[in-house]
Amino acid sequence: MCILGIETSCDDTGVAVYHPERGLLSHLLHSQIRVHRDYGGVVPELASRDHLRQLTPLIEHCLKQASITKTDLTGIAYTAGPGLMGALLVGAAEAVAMAWALDIPVLGVHHLEGHLLAPMLEPDPPQFPFLALLISGGHTQLVAVNAIGDYRLLGETLDDAAGEAFDKTAKALGLSYPGGPKLAKLADASDAIDPNFPRPMTDRPGLDFSFSGLKTFALNTIQKEPLTDSRRALIARSLQEAVADTLAIKCRRALKQTGLKSLVVAGGVSANHRIREKLSALGPDLGVKIHFPRLEFCTDNGAMIAYAGCQRIQAGQFQEPIIFARPRWPLAEVVPITTKTR
Ligand code: KG4
Ligand code: ZN
């Protein structure tokens, strides 16, 4: 069994080869930062075209790095959704065409399932069941994970995702796309934190999030006074601290409510070092184990898709070789591992 994973849901072209016994044989990423930078955000049509240009050579390169050829592959997994339709279709078409030509199984994987299983690629992987905090550019969710494909949504954002709060505040601070990591860097330059930044929805029961008010608070603060370097850093640090505190408060609550003993934190925002620090502190405090993917597998990548696809294909799950993508796809609608997809 040797699975090729393809990720093209947004602005990163990711490919990887995963082997159940030998682990990850290779993984490569092509970032589209240069394609979108001048526009201040992802331009969907440009994203699709760049995936189209990059994907085939990236796969060839990845197979070479794994010291295998196409005919050694026993299955292909690709991100079928959620994501940008055009971008998803590039990965879906490539995966289905290759699988059809090689006469091997193909399967469309849920992007967030890829994220939440990413820590399985680390040396001390989490055991089921666990609590997952998914924090990316489009999602903020708390999920009880019983097994692969057995997901119970406990809470989610009612408006902006955590990544959006980072990205939009970064833009208002004059930082270029992609804003999240740049805002995190700027935050390191401030010694102070503005205590007035809110920790939204933490003063009432429940596990839902809302980051739009916090983002607006940051944007209003930016407009109040001229932006000196130290004010920019102060605002960045205060926003980051407010997001980190909010996530930590909700995770603590969810761990207590569910009694789960492991917390998986995944998705692009889990690369943030302050958020990692705050959530790691819950471990000794609550007697739970905290798992993060390595930094390069926090953001979008092919390895998580190859891994998730491998678990399902290994269990006999695959789809007809039909180009299939689902730009909107709630995680709760993902099928359990034993069911054939289409
Ligand atoms: O998972 P991901 O790569 O793509 C989506 O599925 O959305 O997440 C991207 C998000 C963006 O909002 C980006 O700004 C944010 O993750 N991000 C960060 C950091 N690295 C990436 N946010 C805060 N601090 C970081 N270090
Ligand atoms: Zn993602």
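Rules behind the numbers
- Residues numbered from 1 in each chain as written.
- Chains lettered and ligands numbered in written order.
- Predicted model: local features only at pLDDT ≥ 70, side-chain atom pairs only at ≥ 80, totals over all residues.
- Heavy atoms only, no water.
- Axes fitted to C-alpha atoms, helices over the stretch in contact; angles between N-to-C directions.
- Helix = DSSP H or I, 4+ residues; strand = E, 2+ residues; numbered from the N terminus.
- Parallel < 35°, antiparallel > 145°, perpendicular 65-115°, else oblique.
- Contact = heavy atoms within 4.5 Å.
- Nonpolar A, V, L, I, M, F, W, Y, C, P; charged D, E, K, R; others polar.
- Expected span 1.5 Å × (residues − 1).
- Bend = angle between axes of the 7 residues up to and from the residue.
- Buried < 20%, exposed > 50% of the residue type's maximum accessible area, 1.4 Å probe, protein only.
- Pairing = 2+ DSSP bridges.
- Right-handed = clockwise from strand over helix to strand, strands pointing away.
- Phe/Tyr/Trp six-rings, centres within 6.5 Å; stacked < 30°, edge-to-face > 60°.
- Lys NZ or Arg CZ within 6 Å of the ring centre and 35° of its normal.
- Near = heavy atom within 4 Å.
- Polar contact = N/O pair within 3.5 Å; in protein donor to acceptor, adjacent residues only side chain to side chain.
- Areas by Shrake-Rupley, 256 points an atom, 1.4 Å probe, with all protein chains shown as cover.
- Patch = residues over 30% accessible without salt bridge, like charges linked within 9 Å, V, L, I, M, F, W, Y side chains within 5 Å.
- Salt bridge = Lys/Arg side-chain N within 4 Å of Asp/Glu carboxyl O.
- Donors = N, O, S within 2.8 Å, 3.2 Å for Na, K, Ca; no water.

Engineer: So what exactly am I meant to see when it comes to the packing of helix α5 (residues 162-172) against helix α8 (residues 229-258) here?
Structural biologist: To describe two helices that pack against each other, one gives the angle between their axes and the distance between the axes. Two elements in contact, α5 and α8, have axes separated by 11 Å at closest approach and are oriented at 175 degrees. Accordingly, the angle class assigned to the pair α5 and α8 is roughly antiparallel. Along its contact with α5, which presents A162, A165, F166 and T169, the element α8 presents I235, L239, Q240 and V243. Counted by class, the contact of α5 with α8 contains six nonpolar, two polar and no charged residues.

Engineer: Explain helix α2 (residues 44-65) to me, please; I cannot follow it from the model alone.
Structural biologist: Its 22 residues place the ends of α2 30 Å apart at the C-alpha level, agreeing with the 32 Å of an ideal helix rising 1.5 Å per residue. The principal kink in α2, of about 35 degrees, is found at Q54, preceding the proline P57 by one to four residues. Residues of α2 that are buried include every one of A47, S48, D50, H51, L55, L58, I59, C62 and L63, and no others. Buried positions along α2 lie against β1 (3-7), β2 (12-19), β3 (23-31), α1 (33-36) and α3 (85-102).

Engineer: Is there a simple way to explain the pairing of strand β4 (residues 75-81) in this structure?
Structural biologist: Within a regular beta strand, the side chains point alternately toward one face of the sheet and then the other, so they alternate between its two faces. In terms of burial, β4 is a largely internal element, seven of the seven residues being buried. Examined bridge by bridge, β1 and β4 share four bridges and lie parallel to one another. Bridge assignment links L4 to a residue of β4, and that residue is I76. Here five bridges tie β4 to strand β5 (residues 106-110), and the two strands are oriented parallel to one another. Note that in β5 the partner of I76 across the bridge is V106. After leaving β4, the chain enters α3 and then returns to the sheet as β5, a path that is right-handed.

Engineer: Where do I start with the packing of aromatic side chains in this structure?
Structural biologist: Each pair of aromatic rings is reported with the distance of its centres and the angle of its planes. In this structure the tally under the stated criterion is five aromatic pairs. Ring plane angle 15 degrees and centroid distance 5.4 Å describe the contact between F128 and F130, whose orientation is recorded as stacked. The class of F128 is partly exposed, set by a relative accessible area of 35%. Note on F197 and F217: the rings are 4.9 Å apart at their centroids and 70 degrees apart in plane angle, and the pair reads as edge-to-face. With F197 in the loop between α6 (179-187) and α7 (212-224) and F217 in helix α7, the pair connects residues that are 20 residues apart, well separated along the chain. By relative accessible area, F217 is classed as partly exposed at 26%. The side chain of K250 reaches across the aromatic face of F209, ending 5.9 Å from its centre.

Engineer: What is the right way to look at the site of ligand 1 in this model?
Structural biologist: Looking at ligand 1, there are 18 residues lining it, with H115, G137, D167, G268 and D300 nearest. At 3.1 Å from an oxygen atom of ligand 1 is found a side-chain nitrogen or oxygen belonging to H111. In this structure, N272 approaches ligand 1 through a side-chain N or O atom, which is 3.1 Å from a nitrogen atom. Protein contacts shield 86% of the accessible area of ligand 1, which totals 550 Å² for the unbound molecule. Breaking the shell around ligand 1 down by element, the ones donating at least two residues are α4 (111-117), α5 and α6. Classifying every residue of the shell around ligand 1 gives five nonpolar, eleven polar and two charged.

Engineer: Quick question: what am I supposed to make of a nonpolar patch on the surface here?
Structural biologist: On the surface, M85, L89 and I323 cluster together to form a nonpolar patch covering roughly 250 Å² of accessible area. With respect to the helices and strands, L89 occurs in helix α3. A relative accessible area of 34% places L89 in the partly exposed class.

Engineer: Hey, could you run me through unusual backbone geometry in this one?
Structural biologist: Peptide bonds are mostly trans, and most non-glycine residues show a negative phi. Residues G81 and P82 are joined by a peptide bond in cis, for which omega reads -10 degrees. Cis rather than trans, the peptide bond between F128 and P129 has omega equal to -5 degrees. For P129, the location among the structural elements is in the loop between α4 and β6 (130-135). The backbone phi angle of S67 is positive, close to 55 degrees, even though this residue is not glycine. Position of S67 relative to the elements: it lies in the loop between α2 and β4.

Engineer: Help me out: how do you make sense of the coordination of the zinc ion (ligand 2) in this one?
Structural biologist: In ideal tetrahedral geometry, four donors around a metal make angles of 109.5 degrees, whereas ideal octahedral geometry with six donors gives angles of 90 or 180 degrees. Within the protein, H111 (NE2), H115 (NE2) and D300 (OD) serve as the donor atoms for the zinc ion (ligand 2), at 2.0 to 2.1 Å. Owing to a relative accessible area of 1%, H115 belongs among the buried residues under this scheme.

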